[in-house]
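So the chains spell out like this:
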Amino acid sequence: MVNSNMLRSHDPNVINPYLKDASNLSGGYADEVVFPENEDDVIQILDEACRTRTPVTIAGNGTGLVGARIPLGGIILSTEKLGGLKEIHLSSTGHNYAVTGPAITHKELQKAVSLKGLLYPPDPTEQNAFIGASVATNASGARTFKYGSTRNWIRRLKVILSTGDILDLRRGEFVANKKGHIALKGSRNTFELNLPQYPIPEGKHSCGYYVTPGMSAIDLFIGSEGTLGVFTEIEVELIHKPEGYFSGIVFFGREEDAWRFADFIKNESLKNRTSNINDTIDACVIEYFDCNSLKLLSSINQQIPKNAMSAIFFEQEIHIKTKKKTTDKWFQICRKFDVLLNKSWFCESSNENTE
Ligand SMILES: Cc1cc2nc3c(=O)[nH]c(=O)nc-3n(C[C@H](O)[C@H](O)[C@H](O)COP(=O)(O)OP(=O)(O)OC[C@H]3O[C@@H](n4cnc5c(N)ncnc54)[C@H](O)[C@@H]3O)c2cc1C
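Residues numbered from 1 in each chain as written. Predicted model: local features only at pLDDT ≥ 70, side-chain atom pairs only at ≥ 80, totals over all residues. Heavy atoms only, no water.

This part is about the site of the ligand. The environment of the ligand is formed by 30 residues, the closest being I58, N61, T63, T125 and S140. One nitrogen or oxygen atom from the main chain of I58 is found 2.6 Å from an oxygen atom belonging to the ligand. Burial of the ligand by the surrounding chains reaches 86%, relative to a free accessible area of 980 Å². Only β3 (56–59), α4 (131–136) and β12 (230–240) provide two or more residues apiece to the shell around the ligand. Top contributing element to the shell around the ligand by residue count: α4, with 3 residues. Considering only residue class, the shell around the ligand consists of 14 nonpolar, 13 polar and 3 charged. (Near = heavy atom within 4 Å. Polar contact = N/O pair within 3.5 Å; in protein donor to acceptor, adjacent residues only side chain to side chain. Areas by Shrake-Rupley, 256 points an atom, 1.4 Å probe, with all protein chains shown as cover. Helix = DSSP H or I, 4+ residues; strand = E, 2+ residues; numbered from the N terminus. Nonpolar A, V, L, I, M, F, W, Y, C, P; charged D, E, K, R; others polar.)

Structure below.
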């Protein structure tokens, strides 16, 4: 059924905010912006666009840094009215998850699951990005060292294709065979796909569609940057919120010490991660600041030591019972790698307080 009440506008004043994002790139233009409120509305727009061969650009919350949502003609499909959180599922077996529409920000999602004692582990820095867009960009963040990027935490994805088909993709279903062939069943059509065969780099990257032997179809769509369809429903995996965090910004008088420190922490963390002992080194964040970054930051923060040549920001989850052991280990390692200890900053936070 055609929804003639759907909000849509040709007014340049309404369109203009959608011609930019955090990249500050210019030159975008479009004829119309539309605000679908449900899947039927999205299908209606895509059917129309297909019939008239009009390009469609999907817009999230406009925090992208590469201009991906900036249109070059046609229709802007804003996802902002497609809804947010639907359900948080707490399970005694440990399989916790949330089901959400695309238009919830990371900040809102994290706050809602936190009230249930849960955490959505990928932690992209930009808290105002929509979850739909962070799936589209396979966003990662500071905690990616421990938890990987968004991809690892998406269990199910509902996608509307330009054909108007709805795909309901669950991880582990619609799996490619050895030759990279996948059969997909949409609400209107069945699709036979032959995935491109190219090696993809390890780690976080934005180099073409994700393809790997034996992959689930869901992974083709994660990171597809709005080119394959509109995500309307997402199921994300959640973990129990840690009891607290120990974090620090440690300064070094020599750059080499910071590199050796980072290398050591990285190897220790990877080694200890599987051991399931609570008081070992297991960083979730390791971020490096070189001397130029510190120089830049010194102009706004006078407490950065003048003799610091580099710094590392780390964060580790802690258990209240064993936190002393864990923090002692960190201080031992700091001494071993000549951290400027009395000038470095440390913070311990628990669900109750922060010191
Ligand atoms: C200060 C700052 C820090 C940042 N930190 C990080 C970071 O730590 N990690 C990181 O990865 N990125 C980071 N970014 C980049 C940006 O926040 C992410 O790319 C984010 O996912 C974009 O979300 P958005 O809602 O603003 O989407 P937009 O910028 O509006 O869109 C991004 C892309 O997603 C597509 N899209 C949006 N919604 C949908 C949907 N429902 N279905 C299909 N496609 C869709 C769009 O077409 C576009 O290609 C940062 C940006 C800023 C400004």
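Alright, that's what it looks like, and here's the rest.
On to the environment of G60, then. Within the fold, G60 resides in the loop between β3 and β4 (75–78). Considering only alpha carbons, one finds G60 and G253, 193 residues apart in sequence, at a separation of 43 Å.

Once the domains are mapped, the chain shows domain 1 (7–78), domain 2 (85–240) and domain 3 (244–350). Between domain 1 and domain 3, the C-alpha centre-to-centre distance is 43 Å. (Domains from an automatic or database assignment.)

Here the structure, examined in full by the defined rule, presents 13 aromatic pairs. Between F246 and F346, the aromatic rings sit 6.0 Å apart at their centres with planes inclined by 5 degrees, giving stacked as the arrangement. Here F346 lies in strand β16 (residues 345–350) and F246 lies in strand β13 (residues 244–252), a separation of 100 residues in the sequence. Between F251 and W345 the ring centres are 5.2 Å apart and the planes differ by 75 degrees, which places this aromatic pair in the edge-to-face class. Here F251, found in strand β13, pairs with W345, found in strand β16; they are 94 residues apart in sequence, far enough to count as distant. Residue classification places W345 among the partly exposed positions, given a relative accessible area of 29%. Site record: aromatic cluster; members linked through ring pairs are F246, F252, F261, F264, F314, W330, F331, F337 and F346. (Phe/Tyr/Trp six-rings, centres within 6.5 Å; stacked < 30°, edge-to-face > 60°. Buried < 20%, exposed > 50% of the residue type's maximum accessible area, 1.4 Å probe, protein only.)

Right, let's talk about the sheet that holds β13 for a bit. Pairing in this open sheet of 4 strands is antiparallel, and the strands run β14-β15-β13-β16 from one edge to the other. A strand with exactly one partner marks an edge of an open sheet, and here the two such strands are β14 (283–289) and β16. For this sheet, the mean inter-axis angle between neighbouring strands, taken without regard to orientation, is 10 degrees. Relative to β14, helix α7 (residues 255–273) is tilted by about 165 degrees, and along the sheet it contacts β13, β14 and β15 (310–318). Contacting β13, β14, β15 and β16, helix α9 (residues 323–336) crosses the sheet at an angle of about 160 degrees to β15. (Pairing = 2+ DSSP bridges. Axes fitted to C-alpha atoms, helices over the stretch in contact; angles between N-to-C directions. Contact = heavy atoms within 4.5 Å.)

With respect to the helices and strands, the residue G62 is situated in the loop between β3 and β4. Looking at G62, the relative accessible area reads 18%, which means it is buried. A C-alpha to C-alpha distance of 7.0 Å links G62 and K20, two positions 42 residues apart in sequence. Setting aside chain neighbours within four positions, we find G62 in contact with D21, A22 and R69.

A few words on the side chain of D41. Checked against the element boundaries, D41 lands in helix α2 (residues 39–51). No salt bridge forms around the buried D41; measuring N to O, its nearest opposite-charge neighbour R8 is 8.5 Å away. Not counting chain neighbours up to four residues away, the residues in contact with D41 comprise N3, M6 and P36. (Lys, Arg positive; Asp, Glu negative; His and termini not counted. Salt bridge = Lys/Arg side-chain N within 4 Å of Asp/Glu carboxyl O.)

Right, let's talk about the pairing of strand β2 (residues 32–35) for a bit. Consecutive side chains of a regular strand alternate in pointing toward one face of the sheet and then the other. Burial of β2 is two-sided: the residues E32 and V34 facing one way and the residues V33 and F35 facing the other way are all buried. Pairing analysis gives 3 bridges linking strand β1 (residues 7–9) to β2, with the strands arranged antiparallel. From the neighbouring strand, L7 faces β2, where its bridge partner is F35. Taken together, the 3 bridges between β2 and β4 define a ladder with parallel strand orientation. Directly across from V33, in β4, lies its bridge partner I76.

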